[in-house]
Amino acid sequence: MNHASKPHRMHQFHALSNHVVTVGVSKSLLVFLEIIPPEKKESRSVDAIRNSSEIMADYDLILKHWGPVEADYSAHGNLVLTRLFHEYPDTQKLFPKFAGIAKGDMAGNAALSAHGATVLKKLGELLKARGNHGAILKPLANSHATKHKIPINNFRLISEVIGKVMGEKAGLDAAGQQALRSVMAAIIADIEADYKELGFAG
């Protein structure tokens, strides 16, 4: 019986490997099979460390400006919700108890201030958790999916508004607002994953 030489068999293996890559087999499998060289695995680990460092820096930057918000959650909460409802009028309909409040009456509305404070306090908890927020986020996602029926995009809209308010009232500059977007994108992605588990399209 004739056997293919070792170099020839290795050539066939690498040819097959290249074909597997083109048809979309996951990179994790290819790493396991050592088709991706070790240096590639190492570079991905370095990237992960760098990305983690950047994320922590984002949290640090936001929390550096969180003090003024924390000092008066009610005032800042009212500003956030009032601005949200002014800039995105459809979002007001998602809050039945606020749906009938005229735009001119929002600034002095105690209930609006109280709810805004609740929103910002929860955000403060999430920020201080620095990514380790599963226990905080799970019940929030559950209530917003099953009870309040809040679309996922609403979290993106209010995040932008919070960034603007913090820019005006807490000194959060452009870099800080970008940091907030990055952090909130990660948080919102986790909420969306919870929504999908609950069967809520959002």
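Everything here concerns the structure above.
Residues numbered from 1 in each chain as written. Predicted model: local features only at pLDDT ≥ 70, side-chain atom pairs only at ≥ 80, totals over all residues. Heavy atoms only, no water.

Draft legend 1. Seen up close, helix 8 (residues 152-169). Under the 1.5 Å per step criterion, the end-to-end length of helix 8 is 26 Å for 18 residues, consistent within 8% with the ideal 26 Å. Among the residues of helix 8, Ile 152, Asn 154, Phe 155, Leu 157, Ile 158, Ser 159, Val 161, Ile 162, Gly 163, Val 165 and Met 166 are the ones counted as buried. Where helix 8 ends, the next residue or the one after it, Gly 171, has phi of about 75°, a positive value. (Helix = DSSP H or I, 4+ residues; strand = E, 2+ residues; numbered from the N terminus. Expected span 1.5 Å × (residues − 1). Buried < 20%, exposed > 50% of the residue type's maximum accessible area, 1.4 Å probe, protein only.)

Draft legend 2. Looking closely at the layout of surface pockets. Taken as a whole, the largest pocket spans an internal volume of roughly 590 Å³. As for the largest pocket, its lining consists of 25 residues, and the residues nearest its centre are His 115, Val 119, Leu 140, His 144 and Phe 155. Counting residues per element, the ones that place at least two in the lining of the largest pocket are helix 6 (110-129), helix 7 (134-146), helix 8 and helix 9 (174-198). Ranked by residues supplied to the lining of the largest pocket, first place goes to helix 6 with six residues. Looking at side-chain class alone, the lining of the largest pocket contains 17 nonpolar, six polar and two charged residues. (1 Å grid on protein atoms, 1.4 Å probe; cavity = no way out; pocket = protein on both sides within 12 Å on 5 of 7 lines; lining within 4 Å. Points joined across faces, edges and corners; volume = space filled by probe spheres on them. Nonpolar A, V, L, I, M, F, W, Y, C, P; charged D, E, K, R; others polar.)

Draft legend 3. Here's a closer look at the environment of His 86. Mapping His 86 onto the fold places it in helix 5 (residues 73-87). With 17 residues separating them along the chain, His 86 and Lys 103 place their C-alpha atoms 7.1 Å apart. If we ignore the near neighbours within four places in the chain, the residues touching His 86 are Lys 103 and Met 106. (Contact = heavy atoms within 4.5 Å.)

Draft legend 4. Region of the structure containing the nonpolar core. One finds Ile 191 and Tyr 195 to be the most contacted residues of the largest nonpolar core, which totals 43 residues. When residues of this core are traced back to their parent elements, those giving at least two are helix 3 (38-64), helix 5, helix 6, helix 7, helix 8 and helix 9. Residues in contact with Ile 191, not counting those within four places in the same chain, are Leu 137, Leu 140, Ala 141, Ile 152 and Phe 155. (Core = buried A, V, L, I, M, F, W, Y, C linked by side-chain atoms within 4.5 Å.)

Draft legend 5. Spatial organisation of the pattern of salt bridges. Following the criterion strictly, the structure yields eleven salt bridges and no others. Here Asp 60 makes a salt bridge to Arg 130, at a shortest N to O gap of 2.6 Å. In this pair, Asp 60 is assigned in helix 3 and Arg 130 in the loop between helix 6 and helix 7, connecting sequence segments 70 residues apart. Looking at Arg 130, the relative accessible area reads 34%, which means it is partly exposed. One continuous salt-bridge network, built from bridges that share partners, spans Arg 83, Glu 87, Lys 164 and Glu 168. (Salt bridge = Lys/Arg side-chain N within 4 Å of Asp/Glu carboxyl O.)

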